[in-house]
Amino acid sequence: YQAAAFQPFFRSHAHLDSKRREPWLYSQGEMSIIRKAIRTRYSFLPFWYTQFYETEQTGVPMMRPLWYEFPEDETTYGKEGVHMVGNALLVAPVLTKGATQVSVLFPGNELWYDIWTDQKYDVAGELSIQAPYDKIPVFQRGGTIIPRRHRVRRSSKLMHDDPMTLHIAVDKAGKAAGTLYLDDGITNDYKQGKSIYISFTYDNGLLESKMIHPPGMETKVWLEKILVLGGGPVNNPANIKTKSEETFVDTMYSSNVLTIRKPGVNLGEEFTLSVRD
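Within each chain, residue numbers correspond to sequence positions counted from 1 in written order. Given that the model is predicted, a residue must reach a pLDDT of at least 70 before its local features are reported, and side-chain atom pairs must reach 80 or more before they are shown or counted; all residues, however, enter totals for whole chains, interfaces and linings. Excluded from the side-chain calculation are hydrogens and water; included are all heavy atoms of the structure.

S.K.: Help me out: how do you make sense of the pairing of strand β13 (residues 206-211) in this one?
M.R.: It is a general feature of regular strands that their side chains alternate between the two faces of the sheet. Only one face of β13 is buried, namely the one carrying Leu207, Ser209 and Met211, since none of Leu206, Glu208 and Lys210 on the opposite face is buried. Strands pair, by our definition, only if DSSP identifies at least two bridges between them. Each helix is a run of DSSP H or I of at least 4 residues and each strand a run of E of at least 2, with the numbering of both proceeding from the N terminus. Here strand β12 (residues 196-203) runs beside β13; their pairing, made up of six bridges, is antiparallel. From the neighbouring strand, Phe200 faces β13, where its bridge partner is Ser209. Adjacent in sequence and paired antiparallel, β12 and β13 are bridged by two residues, among which Asn204 carries a positive phi angle near 50 degrees. Burial status follows relative accessibility: with a 1.4 Å probe on protein chains alone, a residue under 20% of its type maximum counts as buried, one over 50% as exposed, and anything between as partly exposed.

The following block contains the structure:
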């Protein structure tokens, strides 16, 4: 479950004659770990959905070997057991039974952020990472923006109109970029343009949302929270501007993360958000 949560195809599979393996058949402790993995998977569904759309458009696989993203780093060429999801997530699943740590290759010369703790890693090369029983090492690449949903629902269908949280992981220049794709989640109407495709850019305190193509539908999805990993503290509220209004919301800084709660903008329209002085 833990490794599969960060792969495109995620389901339990078994043969008719094999031992049953539904989550509720495990011990209470093991079931809790499986539940955490499944909930984590579901929180990343907006990111996965965007990756699937972009794969359809470009042919670039969403699950990639390290060398695809870092061709200039020869240490990645023979590295197995670690992969990227899109250009944003570095996944190092535990592949040895009983292991409590994993040797992770951090390619290039980048910043990386632990998705569980938000700890920042400014490292290049191999590093031994603790991997207790209830987690696998996964890191968001500096310079990327990942959309997630954190409200727990019984199914992805019930999450369709839930608000988003943007996880902004800044690079060494204080910048980041990402995309979000939305459609009805059911039909092929997106082929007739009934979708929303958004580009996010962040540059040292200024977040901008731009439509990559004109929106072909309306949406109830709104922006619930912004987390800027590696963002410095600010003493002023965030200023949010859309075509129709301008508002201010409070910010909070703790443990190397700048939190902007309830920006409240609908993701079907463009906006700018600034925490600059």
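S.K.: I keep staring at the packing of aromatic side chains and nothing clicks. Help me out?
M.R.: Geometrically, a pair of aromatic rings is defined through the distance of the ring centres and the angle of the planes. In summary, the pairing rule links any two rings of Phe, Tyr or Trp, Trp by its six-membered ring, whose centres are within 6.5 Å, and it sorts them by plane angle into stacked for under 30 degrees, edge-to-face for over 60 and tilted for everything else. Applying the stated criterion to the full structure yields 13 aromatic pairs. Between the aromatic rings of Trp67 and Tyr68, the centroid separation amounts to 6.5 Å while the plane-to-plane angle is 55 degrees, which identifies the pairing as tilted. Residue Trp67 is classed as partly exposed on the basis of its relative accessible area, which comes to 41%. Of the residues examined, Tyr68 reaches a relative accessible area of 37% and is grouped as partly exposed. Cluster of aromatic residues (ring-pair linked, three or more members): Phe70, Phe106, Trp112, Tyr121 and Phe139. Here the guanidinium or amino end of Lys36 rests over the ring plane of Trp116, the centre of that ring lying 4.8 Å away. Here, a charge over a ring means that NZ of Lys or CZ of Arg falls within 6 Å of the ring centre while also lying within 35 degrees of the ring normal.

S.K.: I would appreciate a short explanation of the nonpolar core in the present structure.
M.R.: If you look at soluble globular proteins, the nonpolar side chains tend to sit buried side by side. Counting residues in hydrophobic clusters, the biggest one holds 34 residues, and the most contacted among them are Ile168, Phe200, Tyr202, Leu207, Ile226, Leu267 and Leu273. The biggest single contributor to this core is strand β14 (residues 223-229), with five residues. Ranked by size, the runner-up nonpolar core spans 16 residues in total, among them Phe70, Met84, Val104 and Trp112. In plain words, nonpolar cores are sets of buried Ala, Val, Leu, Ile, Met, Phe, Trp, Tyr and Cys residues tied together by side-chain atoms within 4.5 Å.

S.K.: So what exactly am I meant to see when it comes to the packing of helix α1 (residues 28-43) against helix α2 (residues 45-58) here?
M.R.: Two measures define how a pair of helices packs: the angle their axes make with one another and the distance between the axes. Throughout, an axis means a line fitted to C-alpha atoms (over the contacting stretch in the case of helices), and angles, computed between N-to-C directions, take values from 0 to 180 degrees. Packing of α1 against α2 brings their axes to within 5 Å, and their N-to-C directions diverge by 55 degrees. Relative to α2, the element α1 lies oblique. Contacts between α1 and α2 involve Arg41, Tyr42 and Ser43 on the former and, on the latter, Leu45, Pro46 and Trp48. Classes in brief: Ala, Val, Leu, Ile, Met, Phe, Trp, Tyr, Cys and Pro nonpolar; Asp, Glu, Lys and Arg charged; the others, Gly included, polar. Taken together, the residues that form the contact of α1 with α2 break down as four nonpolar, one polar and one charged. Roughly parallel refers to an angle under 35 degrees, roughly antiparallel to one over 145, roughly perpendicular to one between 65 and 115, and oblique to any angle outside these ranges. In this description, contact between two residues means that some pair of their heavy atoms is separated by no more than 4.5 Å.

S.K.: What am I meant to see in the pattern of salt bridges here?
M.R.: Charged atoms that come close allow side chains of opposite charge to pair. When a carboxyl oxygen of Asp or Glu lies within 4 Å of a side-chain nitrogen of Lys or Arg, that pair is called a salt bridge. Scanning the entire structure with this criterion turns up ten salt bridges. Lys172 is paired through a salt bridge with Asp122; the nearest N and O atoms lie 3.2 Å apart. Note that Lys172 is positioned in the loop between β10 (164-169) and β11 (175-182) and Asp122 in strand β6 (residues 120-122), a separation of 50 residues in sequence. Here the salt bridges share partners, and the residues they tie into one network are Arg64, Glu69, Glu110 and Arg141.

S.K.: What is the right way to look at unusual backbone geometry in this model?
M.R.: Of note, Asn204 is a non-glycine position whose phi angle comes to about 50 degrees, a positive value. In this model, Lys262 sits at a positive phi of 50 degrees, which is unusual for a non-glycine residue. Relative to the elements of secondary structure, Lys262 occurs in the loop between β18 (257-261) and β19 (271-274). Relative accessible area serves as the criterion here: at 48%, Lys262 is assigned to the partly exposed category.

S.K.: Please explain the side chain of Asp162 as it appears in this structure.
M.R.: Relative to the assigned elements, Asp162 resides in the loop between β9 (144-148) and β10. Residue Asp162 is classed as buried on the basis of its relative accessible area of 6%. When sequence neighbours within four positions are dropped, the list of residues in contact with Asp162 reads Arg149, Arg151, Arg153 and Val221.

S.K.: Help me understand α1, please; the structure alone is not making it clear to me.
M.R.: Because each turn of an α-helix spans 3.6 residues, side chains separated by three or four positions end up pointing in the same direction. A helix is expected to span 1.5 Å multiplied by its residue count minus one. End to end, α1 covers 22 Å across 16 residues, agreeing with the expected 22 Å (1.5 Å per residue, within 8%). Among the residues of α1, Met31, Ile33, Ile34, Ala37, Thr40, Arg41 and Ser43 are the ones counted as buried.

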